[in-house]
Amino acid sequence: MPCTVICGGFWGDEGKGKIISYLALKDKLDFCVRTGSVNAAHTIWYQGKRYALHMVPGGFVHEKCRLLIGAGSNVEVAQFFKEVEETNVKNRIGIDNQASIIEEKHSAQDKASSHLKGLGTTGRGVGPAIEERVRRTAKIARDVPELKPYLADVAAETNNAINGGKNVLLEGTQGLMLSLFYGTYPYVTGRDTSASAICSEAGVGPTKVDNVLVVLKSFMTRVGTGPLPGELSKEEAMKRGWFETAAGTGRDRRSAPFNFELARKAVMLNGATQVAVTKLDCVFPQCKGAKDYNDLPNDAKQFVNQIEKQTRVPVSLIGTGPEALDIIDRRR
Ligand code: IMP
Ligand code: MG
């Protein structure tokens, strides 16, 4: 895989965490670099345990993987320490010297501002922390004494790893439709969420990337306000088994059927080379736990074919259950 960027194609919660954990184990990932911030939670089921990670990269499941948090990220210090403890990664995680720090005041501003409230933000303070960085008054990681043992030059480490032929994954958060530039503005998050922005936050130039893997869930969900084409009622979502609550905030997720036009847009704007389709078993229950494409029922195969036809990109990974290894891997 040498350098792969993983990004979400819809409104986040596509199941990026699950795909990352699979690749970490299967491809023996050497480096996993997290971008974005604590508004995002990546859910990982591994060895019967559930993790909802806001800071620690999803590659933690592979014990030899070096974990890094990029200079473009926003770090909430208490959450970082909590997750480092939970995942037991103290000796292999680093934060870029220049990553921004989210302070308590940012979360308070996020929750108090009526404009931000109207967008249904997560209230974690990410938007106000980014504003502070833009004003050049933000605290950065090197200003926080407790972070000293973890400080790293993430861009240098990551580029050295890529140049040395290591397996490197750049972990995006949220999804293209929440992008500050390309999403459903103003109902978006405070940053660009596209593959290019993920590279920038990690400190990796575009010529160094081999693969861009866009993750699309078999149905769409959205938390917070803003348009969701084809939105179903909560009752209908429950009937179909698509009703979810947010891993980060516990809020209800709104849901809608898969949208091919949006999938094409996400593939184009991210320059995708591959697509991963998650939760196929939620739409076609007979798929549950399948590990071989030939075991899928015809209607599920037709759905996958349709995604390939419309996006003109191969569907290389298919999620068929929550555990890291519940995957159909169609890569060579
Ligand atoms: P903020 O990112 O907390 O400012 O929230 C802005 C919008 O993005 C709100 O609609 C949030 O619900 C949504 N959002 C932010 N992060 C995530 C995520 O990781 N998954 C899903 N929605 C998110
Ligand atoms: Mg999430």
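A.B. asks: Which residues make up the overall build of the chain, and what are the values?
C.D. replies: The helix and strand inventory of the chain stands at 11 helices and 17 strands. At 19 Å, the chain has a C-alpha radius of gyration in line with the 20 Å of a compact globule built from 332 residues. Overall, the C-alpha framework of the chain stretches about 55 × 50 × 35 Å when taken along its three principal axes. Within the chain, buried positions represent 58% of all 332 residues. Considering only contacts within the chain whose residues lie at least 6 apart along the sequence, 74% involve residues at least 24 apart.

A.B. asks: An account of the coordination of the magnesium ion (ligand 2) is needed here, citing residue identities and associated values.
C.D. replies: Angles at a metal have ideal values that depend on geometry: 109.5 degrees with four tetrahedral donors, 90 or 180 degrees with six octahedral donors. Ligation of the magnesium ion (ligand 2) by protein atoms is provided by D13 (OD) and A41 (O), these donors lying 2.1 to 2.4 Å from the ion. In this pair, D13 is assigned in the loop between β1 (3-8) and α1 (16-26) and A41 in the loop between β2 (31-34) and β3 (42-46), connecting sequence segments 28 residues apart. Since its relative accessible area comes to 23%, D13 is described here as partly exposed.

A.B. asks: Hey, could you go over the layout of surface pockets for me, with residue numbers and the actual values?
C.D. replies: If a probe the size of a water molecule is rolled over the atoms, the empty space left behind becomes visible. When its volume is computed, the second largest pocket comes out at roughly 280 Å³. In this structure, the second largest pocket is lined by 18 residues; those nearest its centre are G72, N74, I130, R191 and E201. The dominant element in the lining of the second largest pocket, judged by the number of residues it contributes, is helix α5 (residues 126-134), at four residues.

A.B. asks: For the site of ligand 1, give the residues involved together with the corresponding values.
C.D. replies: Near ligand 1 there are 15 residues, and of these N39, T122, Q174, T189 and R251 occur at the shortest range. Measuring from an oxygen atom of ligand 1, one finds a side-chain N or O atom of R251 at 2.9 Å. When isolated, ligand 1 has an accessible area of 470 Å², and the protein chains bury 96% of it. For the shell around ligand 1, the residue count by class is six nonpolar, seven polar and two charged.

A.B. asks: Can you tell me about helix α11 (residues 298-311), naming the residues and giving the values?
C.D. replies: Under the 1.5 Å per step criterion, the end-to-end length of α11 is 20 Å for 14 residues, consistent within 8% with the ideal 20 Å. For α11, every residue scored as buried is listed here: A300, K301, F303, V304, I307 and T311. Buried residues along α11 cover an arc of 160° about the axis, so they all sit on one side. Facing away from the buried side of α11 by over 90 degrees, the exposed positions are N298, Q302 and K309. Where α11 ends, the next residue or the one after it, R312, has phi of about 60°, a positive value.

A.B. asks: So, the side chain of E76: which residues are in play, and what are the values?
C.D. replies: Along the polypeptide, E76 turns up in the loop between β6 (74-75) and α2 (77-87). By relative accessible area, E76 is classed as buried at 18%. A polar atom in the side chain of E76 sits 3.2 Å from the side chain of R124. Not counting residues up to four positions away in its chain, the partners in contact with E76 are V38, M55, I102 and R124.

A.B. asks: Please give an account of the nonpolar core that cites residues and values.
C.D. replies: Formed by 51 residues in total, the largest nonpolar core has its most connected members in V5, W11, L170, V275, L280, L296 and I318. Excluding anything up to four places from it in sequence, I318 contacts V277, L280, Y293, L296, V304, D326, I327, I328 and R330. With 46 residues, the next largest nonpolar core counts M55, V75, V144 and Y150 among its residues.

A.B. asks: Which residues make up the sheet that holds strand β17 (residues 327-329), and what values do they have?
C.D. replies: One key point about sheets: their strands pair by backbone hydrogen bonds, in either a parallel or an antiparallel sense. Spatially, 10 strands are ordered β9-β7-β5-β2-β10-β1-β11-β15-β16-β17 in an open sheet, and the strand pairing comes out mixed. The two strands at the open ends of the sheet, each matched to only one other strand, are β9 (151-152) and β17. With four bridges joining them, β2 and strand β10 (residues 168-175) adopt parallel strand pairing. Paired with C32 across the strands is L169, a residue of β10. On the sheet, helix α9 (residues 260-270) packs against β1, β11 (211-217) and β15 (274-278) and is oriented at approximately 160° with respect to β11.

A.B. asks: Give me the lowdown on the packing of helix α3 (residues 104-112) against α5, citing residues and values where you can.
C.D. replies: Closest axis-to-axis distance for the α3/α5 pair is 7 Å, and the angle between their directions is 120°. One element, α3, and the other, α5, form an angle in the oblique class. As for how α3 packs across α5, the hand of that crossing is right-handed. Two secondary-structure elements touch here, α3 through K105, H106, Q109 and D110 and α5 through V126, P128, A129 and E132. Its residues assigned to classes, the contact of α3 with α5 comprises three nonpolar, two polar and three charged.

A.B. asks: Go over the packing of aromatic side chains, please, and point to the residues and values.
C.D. replies: In this structure the tally under the stated criterion is 11 aromatic pairs. Here the aromatic rings of F81 and Y150 are separated by 5.7 Å at their centres, their planes lie at 75°, and the arrangement is edge-to-face. Pair noted here: F81 is in helix α2 and Y150 is in the loop between α5 and β9, with a separation of 69 residues, a long-range link. A relative accessible area of 30% means that F81 is categorised as partly exposed. Between F219 and W242, the ring centres sit 4.9 Å apart and the planes meet at 10°, which makes this aromatic pair stacked. Placement of the pair is F219 in strand β12 (residues 219-222) and W242 in the loop between α8 (234-240) and β13 (244-245), with a sequence separation of 23 residues. Exposure class is identical for F219 and W242. Each is buried. Site record: aromatic cluster; members linked through ring pairs are F10, F258, F260, F284 and F303. It is R240 that lies over the ring of W242; its NZ or CZ is 5.0 Å from the centre. Its end group placed over the ring of Y293, R330 keeps NZ or CZ at 4.0 Å from the ring centre.

Quick notes on the rules
- Residues numbered from 1 in each chain as written.
- Chains lettered and ligands numbered in written order.
- Predicted model: local features only at pLDDT ≥ 70, side-chain atom pairs only at ≥ 80, totals over all residues.
- Heavy atoms only, no water.
- Helix = DSSP H or I, 4+ residues; strand = E, 2+ residues; numbered from the N terminus.
- Rg over C-alpha atoms; globule rule 2.2 N^0.38 Å.
- Buried < 20%, exposed > 50% of the residue type's maximum accessible area, 1.4 Å probe, protein only.
- Contact = heavy atoms within 4.5 Å.
- Donors = N, O, S within 2.8 Å, 3.2 Å for Na, K, Ca; no water.
- 1 Å grid on protein atoms, 1.4 Å probe; cavity = no way out; pocket = protein on both sides within 12 Å on 5 of 7 lines; lining within 4 Å.
- Points joined across faces, edges and corners; volume = space filled by probe spheres on them.
- Near = heavy atom within 4 Å.
- Polar contact = N/O pair within 3.5 Å; in protein donor to acceptor, adjacent residues only side chain to side chain.
- Areas by Shrake-Rupley, 256 points an atom, 1.4 Å probe, with all protein chains shown as cover.
- Nonpolar A, V, L, I, M, F, W, Y, C, P; charged D, E, K, R; others polar.
- Expected span 1.5 Å × (residues − 1).
- Arc of directions from axis to C-beta.
- Core = buried A, V, L, I, M, F, W, Y, C linked by side-chain atoms within 4.5 Å.
- Pairing = 2+ DSSP bridges.
- Axes fitted to C-alpha atoms, helices over the stretch in contact; angles between N-to-C directions.
- Parallel < 35°, antiparallel > 145°, perpendicular 65-115°, else oblique.
- Left-handed = near helix turned anticlockwise from the far one by under 90°.
- Phe/Tyr/Trp six-rings, centres within 6.5 Å; stacked < 30°, edge-to-face > 60°.
- Lys NZ or Arg CZ within 6 Å of the ring centre and 35° of its normal.

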